[in-house]
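Read off the chains here:
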Amino acid sequence: MPRRKPLLVPQAASPLELLKIEVANEIGYPTFGHPVITPENYREVLERMKYEVAAELGLDRYIKEGYWGDAPSRLCGAVGGRLGGKIGGNMVRRMIKFAEQNLMARS
C-alpha cells in the first residue's frame, strides 16, 4: 500500500524498513516457512499475515467476494492494528532508548 504522506526525511525509508524487519523477528512474528523475515521475503510474509488476520476477523468473505462496500471501516482498521501495533510500539521504544543513549553520551 503506498504511503499517504511523504516521509519527512526520505532517506529514512530504507533504515526504517530494516528496523521493522528486525523488530518483527525479535518479537517472533510468523515467518510462513522462511527461517527469518528478510528484506527479500518481507512483502510476501506481510501479505500472508494480512490474509490470516483478515480471516481471523471474519473478513475472508469480503476477500472472496471482492466487494468491500459493506465492510465496516472499524473492522478493516483492525487488520492493520493487529499487524502494526506490536511492531510499531517496539520500534518506538527502541528509538527512544537510542535517543536517550545518545543524549547521555553527549553529556
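Look above for the structure.
As a starting point, this report considers the structure included with it. (Residues numbered from 1 in each chain as written. Predicted model: local features only at pLDDT ≥ 70, side-chain atom pairs only at ≥ 80, totals over all residues. Heavy atoms only, no water.)

### Quick look at the overall build of the chain
Rules: The numbering of helices and of strands both runs from the N terminus, where a helix is a DSSP run of H or I of at least 4 residues and a strand a run of E of at least 2. For this measure, only C-alpha atoms enter the radius of gyration; the expected value for a globule follows 2.2 Å times N^0.38, where N is the number of residues. For every residue, the accessible area (1.4 Å probe, protein chains only) is compared with the maximum for its type, and the residue is labelled buried under 20%, exposed over 50%, or partly exposed between those bounds. The contact criterion used is simple: two residues touch if any of their non-hydrogen atoms lie within 4.5 Å. Accessibility throughout is a Shrake-Rupley quantity obtained with a 1.4 Å probe, and a residue counts as covered only by protein chains that appear here. Note that His is not counted, nor are the chain ends; the positive residues are Lys and Arg, and the negative ones are Asp and Glu. All charge positions are set by atom: Lys at NZ, Arg at CZ, Asp at CG, Glu at CD.
What the chain contains, in helices and strands, is four helices and zero strands. Overall, the chain shows an N-to-C arrangement of helices and strands of α-α-α-α. Here the chain has a C-alpha radius of gyration of 17 Å; the compact-globule value for 107 residues is 13 Å, and the former is much larger. Counting only C-alpha atoms and orienting by the principal axes, one finds that the chain spans roughly 60 × 30 × 20 Å. In the chain, which comprises 107 residues, the share counted as buried stands at 21%. Look at the contacts in the chain between residues 6 or more apart in sequence, and 44% of them connect residues 24 or more apart. For the chain, the exposed surface amounts to about 8,000 Å²; the carbon and sulfur share of it is 60%. Across the chain, the mean location of the 16 positive side-chain charges is 7 Å away from that of the 12 negative side-chain charges.

### Points about the pattern of salt bridges
A side chain with one charge can pair with a side chain of the opposite charge if their charged atoms come near. The criterion, for reference: We define a salt bridge as a side-chain nitrogen of Lys or Arg found within 4 Å of a carboxyl oxygen belonging to Asp or Glu.
Following the criterion strictly, the structure yields seven salt bridges and no others. Among the ionic pairs, E22 bridges to R94, the shortest N-O distance being 2.9 Å. With a gap of 72 residues between them, E22 in helix α1 (residues 13-26) and R94 in helix α4 (residues 73-106) connect regions that are remote in the sequence. With a relative accessible area of 27%, R94 lands in the partly exposed category.

### A word on the nonpolar core
Keep this limit in mind: Throughout this description, the term nonpolar core refers to a set of buried Ala, Val, Leu, Ile, Met, Phe, Trp, Tyr and Cys residues connected via side-chain atoms within 4.5 Å.
Formed by 13 residues in total, the largest nonpolar core has its most connected members in Y29, I37 and I87. Looking at this core, the elements with two or more residues in it are α1, α2 (42-56) and α4. Leave out the neighbours within four places in its chain, and I37 touches I21, A24, N25, Y29, P30, T31, Y42 and V45.

### So, α2
Quick reminder of the rule: Any helix carries an expected span of 1.5 Å times its number of residues minus one.
An ideal rise of 1.5 Å per residue puts 21 Å on 15 residues; α2 measures up with 21 Å between its terminal C-alpha atoms. Following α2 by one or two positions, G58 adopts a phi angle in the positive range, close to 85°.

### Some remarks on the environment of L59
Within the fold, L59 resides in the loop between α2 and α3 (60-65). Counting along the chain gives 51 residues from L59 to L8, while the straight-line C-alpha distance between them is 34 Å. When residues no more than four places from it in sequence are discounted, the contact partners of L59 are A54, W68, L75, C76 and V79.

### Observations regarding α1
Turn by turn, an α-helix covers 3.6 residues, leaving residues three or four places apart pointing in a common direction. The end-to-end C-alpha separation of α1 is 20 Å, in line with the 20 Å expected for 14 residues at 1.5 Å each. Within the sequence span of α1, burial applies to L19, I21, V23 and A24. Immediately beyond the C-terminal end of α1, within one or two residues, lies G28, with a positive phi of roughly 80°.

### Considerations on a nonpolar patch on the surface
We count it as follows: For patches, a residue must show more than 30% relative accessible area and have no salt bridge; joins then use 9 Å for like charges and 5 Å for nonpolar side chains, namely Val, Leu, Ile, Met, Phe, Trp and Tyr.
Together, V92, M95 and I96 make up a nonpolar patch on the protein surface, roughly 250 Å² of accessible area in all. Take V92: it is sitting in helix α4.

### A few points about the environment of Q101
With respect to the element layout, Q101 can be found in helix α4. With 73 residues separating them in the primary sequence, Q101 and G28 have C-alpha atoms 26 Å apart.

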